[in-house]
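Summary of the model geometry
Below, each chain spelled out in residue letters.
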Amino acid sequence: MPPSVHRRAIVSFLALAGALALAGAALAGNGGFLPSTPESPNAHRITDAYIFVLAFTGAIFILVEGSLVVFIVRYRRGRRARTAEGPQIHGATRLEVLWTVLPVLILTAIGAFIFYKLPGIKSAPAAKAADETTITVEGRQFYWMFHYPNGAVSVGTMVAPANEVVRERIVSAANDVNHSWWVPQLGGKFDAIPGKTNYNWFKAPVGTYVARCSELCGIQHAKMIAHVHVVPRAQYEQFIAKRKANMAGYTLGKEEWDVVCSTCHRLDHTYIGPALGGNPLLRDRKGIERTLRQGFGKMPAVGSDWSGQQIDALIAYTKTLPRPKPQTP
Ligand code: CUA
């Protein structure tokens, strides 16, 4: 192959490989190169800031990398002798002023834009106390638990009223580790730290939004996914009232099993922890309570701060699991 054809083949191959690699990211379900569609005023402002900065950095990237490629090709050595000297150039005042003043203007624009957007990201819009709900978001290894104003609890799914300010108190239990509560469509990311309370808020239309833990917190960190189920206020009220009235019931127990226990255990085979099927512990309230509150071996004390009713709820559910097979002699 003549050298120019050879070179063209390499360049086409690299361009194709690059295009393929970028196409995956561009078409990804999570919004591609852009953040997922914002659904809360603070998330809107974060996305605006992202796009504003991206426009400048994108243009600079194309300009710098583009000229790099042009210079590499245009001024390559080619057939000139290795010892040939290039033209000697001293000073280009206009160019130098330009590349000093332009970045200053760009940085000023970015700074001004961010400071303009910041207050609306930090503070929730003013709302009457009646249109404001505070929900405590608790990060635990490896699940999210939600505490509502009336004392109700849910695990794995937060239910929240639509189109009003929902304040989030973000915490982690004293004996747990750091987690980070992040619902990309509903605003920023906040750490859940033992001994410290962080606050965030959202105001979202009816819908279901995915939340994830974004702080490496242990072996099942990647499974710490939760959902925020935003519903009309009446439906929210109904949910928390029903929950409150049945805090020791099957529904909460099933949630605890599916979200807390199943993250590390299966009934019929060893997963992160041992198989639980047929384990007499599942029907032994005292044994379950001890294990949840104190942990066991490598298992963290996942239920150290559960109420007695929450433990009863789990028992109510485990009672419905298949009974252990009788041992054949
Ligand atoms: Cu919790 Cu990562």
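Every value quoted in this text rests on a predicted model; they were computed, and no experiment measured them. In every chain, residue numbers begin from 1 and rise along the written sequence. Whole-chain, interface and lining totals are the exception, using all residues; otherwise, since this is a predicted model, local features are given only for residues with pLDDT of at least 70 and side-chain atom pairs are given and counted only at 80 or more. Side-chain measures were taken over the full set of non-hydrogen atoms in the model, leaving aside hydrogen atoms and water.

**What about the overall build of the protein chain?**
- The numbering of helices and of strands both runs from the N terminus, where a helix is a DSSP run of H or I of at least 4 residues and a strand a run of E of at least 2. Helix and strand counts for the protein chain come out as 7 helices and 10 strands.
- In terms of overall size, the protein chain is more extended than a compact globule, its C-alpha atoms giving a radius of gyration of 28 Å where 329 residues would be expected to give roughly 20 Å.
- In terms of overall dimensions, the protein chain has C-alpha extents of about 90 × 65 × 30 Å along its principal axes.
- Note on classification: 1.4 Å probe, protein chains only; a residue is buried when its accessible area is under 20% of the maximum for its type, exposed when over 50%, partly exposed between these limits. Taken over 329 residues, the protein chain has a buried fraction of 33%.
- Contacts between residues were defined by any pair of non-hydrogen atoms, one from each residue, lying within 4.5 Å. Sequence-distant contacts, at least 24 apart, represent 65% of the contacts inside the protein chain between residues at least 6 apart.
- Each accessible area value is a Shrake-Rupley result obtained with a 1.4 Å probe; residue values ignore everything except the protein chains displayed when judging cover. Counting only carbon and sulfur atoms, one obtains 64% of the accessible surface of the protein chain, whose full area is about 20,200 Å². This radius of gyration counts C-alpha atoms alone. The globule rule is 2.2 Å times how many residues there are, raised to the power 0.38.

**What about the nonpolar core?**
- Put simply, a nonpolar core is a bunch of buried Ala, Val, Leu, Ile, Met, Phe, Trp, Tyr and Cys residues held in one set by side-chain atoms that sit within 4.5 Å of each other. Counting 31 residues, the largest nonpolar core has Trp144, Phe146, Tyr148, Met158, Trp181, Phe202 and Val228 as the members making the most contacts within it.
- Residue assignment for this core shows that the elements contributing at least two residues are β1 (132-140), β2 (143-147), β4 (157-161), β5 (165-172), β9 (207-213), β10 (225-231) and α4 (233-245).
- Considering every element that reaches this core, the biggest residue donor is β10, with 4 residues.
- Counting residues in hydrophobic clusters, the runner-up holds 21 residues, among them Met145, Met247, Ile311 and Ile315.

**Examining the environment of Lys128**
- Along the chain, the position of Lys128 falls in the loop between α3 (93-122) and β1.
- As for Lys128 and Arg76, which are separated by 52 residues in sequence, their C-alpha atoms are 68 Å apart.

**Topic: the sheet that holds β9**
- Ordered in space as β4-β10-β9-β6-β7, the 5 strands form an open sheet in which the pairing is mixed. In the strand order of this sheet, the two ends are held by β4 and β7 (189-192), each with one partner. Geometrically, the sheet is characterised by an average inter-axis angle of 25° between neighbouring strands, direction not taken into account.
- Here β9 pairs with β10 via 6 bridges, running antiparallel. Bridging across to β10, Thr208 finds its partner in His229.
- Fitted lines through C-alpha atoms give the axes, limited to the stretch in contact for helices. The angle between two N-to-C directions lies from 0 to 180 degrees. α4 contacts β4 and β10 of the sheet and is inclined by roughly 135° relative to β4. A pair of strands counts as paired when DSSP detects no fewer than two bridges linking them.

**A few points about the pattern of salt bridges**
- Should a side-chain nitrogen of Lys or Arg be within 4 Å of a carboxyl oxygen of Asp or Glu, the pair is scored as a salt bridge. Taken as a whole and judged by the stated rule, the model has 12 salt bridges.
- Between Glu164 and Arg233 there is a salt bridge, and its shortest N-O distance comes to 2.9 Å. Residue Glu164 is located in the loop between β4 and β5, and its partner Arg233 is located in helix α4; the two are separated by 69 residues in the primary sequence.
- On the accessibility criterion, Glu164 (8% relative accessible area) is buried.

**Some remarks on the sheet that holds strand β3 (residues 153-155)**
- In spatial order, the strands read β3-β2-β1-β5-β8; together these 5 strands make up an open sheet with mixed pairing. The strands lining the two open edges of the sheet, one partner per strand, are β3 and β8 (198-202). Taking each pair of neighbouring strands and ignoring which way they run, the sheet shows an average axis angle of 25°.
- In the sheet, β2 pairs with β3 via 3 bridges, with the strands oriented antiparallel. Following the sheet pairing, His147 is matched in β3 by Val153.

**A look at helix α6 (residues 285-294)**
- Turning to α6, its buried residues are Gly287, Ile288, Thr291 and Leu292. All buried residues of α6 project into a common sector of 125° when viewed along the axis, lining one side. Summarising the geometry of α6, the exposed residues directed more than 90 degrees from the buried face are Lys286 and Gln294.
- Packed against the buried residues of α6 are α7 (308-318).
- Gly295 occupies a position one or two residues after α6 and carries a positive phi of about 80°. In this description, the arc belongs to the directions extending from the helix axis to the C-beta atoms.

**Details of unusual backbone geometry**
- Along the chain, Gln141 connects to Phe142 via a cis peptide bond; the corresponding omega equals -5°.
- Tracing the backbone through its elements, the reader meets Phe142 in the loop between β1 and β2.
- Phi is positive for Asn163, close to 55°, though the residue is something other than glycine.
- Mapped onto the elements, Asn163 comes out in the loop between β4 and β5.

**Side note on the packing of aromatic side chains**
- Note on aromatic contacts: the rings of Phe and Tyr and the six-membered ring of Trp form a pair at centre separations within 6.5 Å, being stacked when their planes are under 30 degrees apart, edge-to-face when over 60 apart, and tilted otherwise. All told, the structure shown has 10 aromatic pairs when counted by the stated rule.
- Ring geometry for Phe71 against Tyr75: centres 5.4 Å apart, planes inclined by 50°, an arrangement best described as tilted. In this structure, Phe71 and Tyr75 share a single accessibility class: exposed.
- Between Tyr148 and Phe239, the aromatic rings sit 5.9 Å apart at their centres with planes inclined by 75°, giving edge-to-face as the arrangement. Remark: Phe239 occurs in helix α4 and Tyr148 occurs in the loop between β2 and β3; sequence separation between them is 91 residues.
- Chaining the aromatic ring pairs together yields one cluster made of Phe52, Phe56 and Phe113.
- A positively charged side chain is recorded as over a ring if its NZ (Lys) or CZ (Arg) lies within 6 Å of the ring centre. The angle to the ring normal must also be within 35 degrees. The ring centre of Trp182 lies 4.4 Å from the NZ or CZ of Lys189, which sits over that ring.

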